[in-house]
Each structure stands twice: as C-alpha cells, then as structure tokens.
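In case you want the letters, here they are:
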Amino acid sequence: QTLVGVASGSIADGLISRGWRVVTVRKTLQVLGSLLPAVFLLLATANPWASSSSSLTSSFLYVTAGAAASALTLAAVSVNHLDVCPKNAGFTFAAGNTLATIAGLISVPVSGLLLERTGSFTAVFACFAAHYVVGAALYALLAGDQDVTAEMECDLD
C-alpha cells in the first residue's frame, strides 16, 4: 500500500502534466482504487480450492493486492479537497474523515454478523466489494475539480 500510495501521486502528476484534466485524473484513480479491491475481494472468495493451503495463500495475495490497489485513492479523494476548497482543505478533509469513521464503526459488527450467519467470508467480502462499487460510482458521478470558492463562499473563518 505504501508503494502504490507513493506511486499514485507520481502517476497523477504525470497525467496532469500530459494535459489530463484534474477531475479526470481524480476520477480515474478513485474508480481504479475502488474497483480493483472489489475484484480482488471477490477473487479471494471465488477460489475453487477452498480448503487447501494454496487457496489460503492465493486468497491472502488477493486481499493484499486489493489493499495495495486501494492506495490509488490517495491521489484522488484524499487530495480532491485541495481542488474544490483550497482555503479550507484541511478542515473539509478532517470533516470528511470524521464522518467516514462511521463506516469503520459499522463495518466491524456488520461483518461479524454476516460471518456468524453465513459461516463464510464470502458474504463479508461481497458486502465490502459492493460498498467499493457504490463508492466508485458515486465519486465518478459527483466529484469535481473546480475551486468552489469562486462560486460560493468556502471560507470557514
């Protein structure tokens, strides 16, 4: 995740310097950083050798690859605050992360309940994959790249 996270910034900078619109770069990296983990989570559970040690190894590698791919979002949603509200990017980033913590608080008991009811991580990983897909779609639909301070007051002083 560290390596992909560092590389994502360079990838974004390279694409922008080649003439890509900032919003296109942000949406591309966010969608990839959400859909790739969803695919890897589903692959981790779709293993036909579910009881073998090679299955555990491949599932571990899929989950690890998905976690690494999720770091592409560091050059997307994690910096998008600077695009749309540069004067108060720190505040909007903190507010967004604080609200996002709710998902972390909910996901632990939900995943435990799903695991308890189904006896398998397939439902848990499918639920998380669906969350990734919905998040990618919403970001692709709603994300912007224009400084909103030009259109509305974003000064929180």
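Residues numbered from 1 in each chain as written. Predicted model: local features only at pLDDT ≥ 70, side-chain atom pairs only at ≥ 80, totals over all residues. Heavy atoms only, no water.

Draft legend 1. Up close: the nonpolar core. In terms of nonpolar packing, the biggest core is built from nine residues, these being A12, L15, V25, L29, L72, A75, A76, Y139 and A143. Residue assignment for this core shows that the elements contributing at least two residues are α1 (2-17) and α2 (22-45). What A76 contacts, discounting residues up to four positions off in sequence, is R26, L29, Q30 and Y139. (Core = buried A, V, L, I, M, F, W, Y, C linked by side-chain atoms within 4.5 Å. Buried < 20%, exposed > 50% of the residue type's maximum accessible area, 1.4 Å probe, protein only. Helix = DSSP H or I, 4+ residues; strand = E, 2+ residues; numbered from the N terminus. Contact = heavy atoms within 4.5 Å.)

Draft legend 2. Local environment of the side chain of N80. Note that N80 resides in helix α4 (residues 80-84). Among residues more than four places away in sequence, those in contact with N80 are R26, Y139, A143 and G144.

Draft legend 3. Spotlight on the layout of surface pockets. Approximately 950 Å³ is the volume found for the largest pocket. Around the largest pocket, the lining is made up of 26 residues, and of these Q30, A100, A103, H131 and Y132 lie nearest the centre. Elements that contribute at least two residues to the lining of the largest pocket include exactly α2, α5 (89-118) and α6 (121-142). Broken down by element, the lining of the largest pocket gets its largest block of residues, ten residues, from α5. In the lining of the largest pocket, the residues fall into 13 nonpolar, 13 polar and no charged. (1 Å grid on protein atoms, 1.4 Å probe; cavity = no way out; pocket = protein on both sides within 12 Å on 5 of 7 lines; lining within 4 Å. Points joined across faces, edges and corners; volume = space filled by probe spheres on them. Nonpolar A, V, L, I, M, F, W, Y, C, P; charged D, E, K, R; others polar.)

Draft legend 4. Layout of the packing of α2 against α6. Where α2 meets α6, the closest approach of the two axes is 8 Å, and the angle between their N-to-C directions is 165°. In terms of their interaxial angle, α2 and α6 are classed as roughly antiparallel. Like other packed secondary-structure pairs, α2 and α6 cross with a definite hand, here left-handed. Partitioned by chemical class, the residues of the contact of α2 with α6 number 18 nonpolar, five polar and two charged. (Axes fitted to C-alpha atoms, helices over the stretch in contact; angles between N-to-C directions. Parallel < 35°, antiparallel > 145°, perpendicular 65-115°, else oblique. Left-handed = near helix turned anticlockwise from the far one by under 90°.)

Draft legend 5. Region of the structure containing the environment of Q30. Note that Q30 resides in helix α2. Judged by its relative accessible area of 9%, Q30 falls in the buried class. Sequence separation of Q30 and T73 is 43 residues, and the distance between their C-alpha atoms is 4.7 Å. Setting aside anything within four residues of it in sequence, one finds Q30 in contact with T73, A76, V77 and Y139.

Draft legend 6. Geometry of the pattern of salt bridges. Using the criterion set out here, one finds one salt bridge in the structure. A salt bridge links D83 to R26; its shortest N-O distance comes to 2.7 Å. Placement of D83 in helix α4 and of R26 in helix α2 is noted, with a sequence separation of 57 residues between them. The class for R26 is buried, based on a relative accessible area of 9%. (Salt bridge = Lys/Arg side-chain N within 4 Å of Asp/Glu carboxyl O.)

Draft legend 7. Region of interest: α1. Spanning 16 residues, α1 covers 23 Å between terminal C-alpha atoms, matching the ideal 22 Å at 1.5 Å per step. Inspection of α1 places G5, S8, A12, G14 and L15 among the buried residues, and these make up the whole buried set. Those residues of α1 that are buried lie in contact with α2. Residue G19 follows α1 closely and has a positive phi angle near 105°. (Expected span 1.5 Å × (residues − 1).)

Draft legend 8. A look at α5. A rise of 1.5 Å per residue sets the reference length of α5, with its 30 residues, at 44 Å; its end C-alpha atoms lie 42 Å apart and thus fit the reference within 8%. The largest bend in α5 amounts to roughly 30° and is located at S107, with the proline P109 lying one to four residues further along. Positive phi shows up at G119, right after α5, with a value of about 70°. (Bend = angle between axes of the 7 residues up to and from the residue.)

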